[in-house]
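Notes for the structure review
Listed here are the chains, written in short residue letters.
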Amino acid sequence: MDSLTKWVRDHEDEGYALQQNSSLLRALVATLRGRKARTYFRWIKGHDGHPRNEGADRLAGEGARKDDTDEVNCNIRASLSVSGCRLSKISQKLAYRIIRERKERRTKPRRSTSANVAKVIDGIRTCFGVELCEAQLWKSIRKRKELSRECRQFMWMVLHDGYMVGNKWMRDDMSDELRQRAVCKRCDETETMEHILFDCAAVGRGTVWELLEETWSLTKKQWTDPCWGNTLGAGCTVLLTSRGKRDTVSEALWMTLASESLYLIWKLRCERVIQNDGEELSIRAVENRWYSTMDQRLDLDRKVAALSKRKKNKRQEMVERTWEPILMGSEGQVPERAINMGVLVGIKRVRRWDPG
């Protein structure tokens with residue numbers, strides 16, 4: 001309502017660059033201006049039995065359940081069209097946003113990106129029972145604090161099919177030595193990102209997922225086998241408590257453990273194929289790498305939480321609650337204030353090695 005009344009001038013001065021559904025807003029404003037009679041708006045209390053309000057809710061629900069979106073005619077008569085933005089209103093942020101939007105309109109979606117995004121969204125629906133759009137997936141990768149910068153970049157590259165794996169090594173300009181990297185030497189099949197992350201029999205992938213499962217069992221939460229949805233879509237994790245409410249603590253822990261494990265599998269694969277010429281690491285070495293990765297991530301979260309200067313450090317409280325189920329002190333007990341920088345704790349090892 002405000003977008004059609006008191007904010008309309010500001011939005012037009014900014015060229016609608018910062019508004020969602022800008023084409024729809026432009027069309028609505030133009031339609032109102034094209035009316036010969038004066039238009040009045042009246043506020044109506046929602047869910048109060050008003051027939052048109054209830055009808056609007058019903059239509060909105062029907063639209064949300066559709067598999068495909070309806071085409072809405074947003075064409076505007078030339079005499080009512082307001083284009084561009086006011087020079088005095090342009091900031092660096094606004095100009096950058098406009099440039100990005102124009103580039104995105106000219107860029108055709110990549111077929112491989114669309115396929116990967118569809119697999120992730122379908123996996124999220126299967127694992128967590130929620131319906132998401134593509135924009136929500138990309139936003140979760142950009143904004144979720146539980147995902148490290150390296151993990152976010154890795155997820156972005158995987159979804160855009162940006163890594164040199166499989167058939168990409170079979171291009172005409174590749175040498176015979178480089179073409180050999182197209183095939184997994186352990187499985188004797190052409191590599192794909194799905195094969196590397198979820199199917200490969202080489203030492204590393206299976207061990208990492210087993211460690212994640214064993215560590216996750218300490219939380220007493222249900223385990224779901226890793227797939228595109230709950231790993232590459234980890235930023236959209238939805239877990240519920242026994243009362244049916246969002247379990248934000250367990251969600252944060254899964255996002256962290258799953259994303260770090262996923263990225264570690266990729267790093268181990270690259271070391272094996274490129275650095276070690278196909279030679280596999282031992283299971284013990286992989287386990288040490290996984291625990292080291294998680295300990296480093298825990299240390300990072302502790303340091304970031306300690307930087308807050310507020311009296312009530314909500315960030316530190318959240319880190320403590322998130323990591324506490326899988327931490328162990330020096331005598332096998334979770335210490336009080338386990339995330340405090342003065343307390344030495346690490347990830348609870350669910351496997352014990354016999355030194356002999």
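See the structure printed just above.
Conventions we followed
- Residues numbered from 1 in each chain as written.
- Predicted model: local features only at pLDDT ≥ 70, side-chain atom pairs only at ≥ 80, totals over all residues.
- Heavy atoms only, no water.
- Helix = DSSP H or I, 4+ residues; strand = E, 2+ residues; numbered from the N terminus.
- Expected span 1.5 Å × (residues − 1).
- Salt bridge = Lys/Arg side-chain N within 4 Å of Asp/Glu carboxyl O.
- Buried < 20%, exposed > 50% of the residue type's maximum accessible area, 1.4 Å probe, protein only.
- 1 Å grid on protein atoms, 1.4 Å probe; cavity = no way out; pocket = protein on both sides within 12 Å on 5 of 7 lines; lining within 4 Å.
- Points joined across faces, edges and corners; volume = space filled by probe spheres on them.
- Nonpolar A, V, L, I, M, F, W, Y, C, P; charged D, E, K, R; others polar.
- Phe/Tyr/Trp six-rings, centres within 6.5 Å; stacked < 30°, edge-to-face > 60°.

1. Focus: helix H12 (residues 248-275)
Compared with the 40 Å implied by 1.5 Å per residue over 28 residues, the 39 Å span of H12 between its first and last C-alpha is a close match. Remark: aspartate 277 follows H12 within two positions and exhibits a positive phi of approximately 55°.

2. Concerning the pattern of salt bridges
What the rule picks out here adds up to 20 salt bridges. Across the salt bridge formed by glutamate 12 and arginine 9, the nearest N and O atoms sit 3.9 Å from each other. Taken as a pair, glutamate 12 and arginine 9 lie in helix H1 (residues 8-13) at a separation of 3 residues, close to a single helical turn. What makes arginine 9 exposed here is its relative accessible area of 52%. The salt bridge partner of aspartate 70 is lysine 66, with a shortest N-O separation of 2.6 Å. One salt-bridge network, in which partners are shared between bridges, spans Arg9, Glu12 and Arg33.

3. Describing empty space enclosed by the protein
This structure, assessed with the given rule, holds 2 cavities of 30 Å³ or more. Estimates place the volume of the largest cavity at around 120 Å³. Per-element accounting of the lining of the largest cavity gives the leading share, 4 residues, to H12. The residue makeup of the lining of the largest cavity, split by class, is 8 nonpolar, 1 polar and 4 charged. One number sums up the size of the second largest cavity: a volume of about 90 Å³. Lining the second largest cavity, in full, are Glu146, Ala252, Thr256, Arg297, Asp301, Arg315, Met318, Val319, Thr322 and Trp323. Contributing elements (two or more residues each) for the lining of the second largest cavity: H12, helix H13 (283-306) and helix H14 (314-323). The biggest single contributor to the lining of the second largest cavity is H14, with 5 residues. For the lining of the second largest cavity, the class distribution of residues is 4 nonpolar, 2 polar and 4 charged.

4. Topic: unusual backbone geometry
For aspartate 161, which is not a glycine, the phi torsion comes out positive at approximately 55°. Topologically, aspartate 161 is positioned in the loop between helix H7 (149-159) and helix H8 (176-179). On the accessibility criterion, aspartate 161 (27% relative accessible area) is partly exposed. Here the phi dihedral of lysine 220 falls at roughly 65°; this positive angle occurs in a residue that is not glycine. One can find lysine 220 in the loop between helix H10 (205-216) and helix H11 (228-232).

5. Quick notes on the environment of serine 292
Mapped onto the fold, serine 292 is located in helix H13. Sequence-wise, serine 292 and serine 88 are 204 residues apart; in three dimensions their C-alpha atoms are separated by 53 Å.

6. Some points on the packing of aromatic side chains
Here the structure, examined in full by the defined rule, presents 9 aromatic pairs. Here tryptophan 223 and tryptophan 254 contribute two aromatic rings whose centre-to-centre distance is 5.8 Å and whose plane-to-plane angle is 70°, an arrangement assigned as edge-to-face. Highlighted residues: tryptophan 223 in the loop between H10 and H11 and tryptophan 254 in helix H12, separated in sequence by 31 residues. Neither residue differs from the other here; tryptophan 223 and tryptophan 254 are each classed as buried. One aromatic cluster in this structure is built from Phe154, Tyr163, Tyr263 and Trp266.

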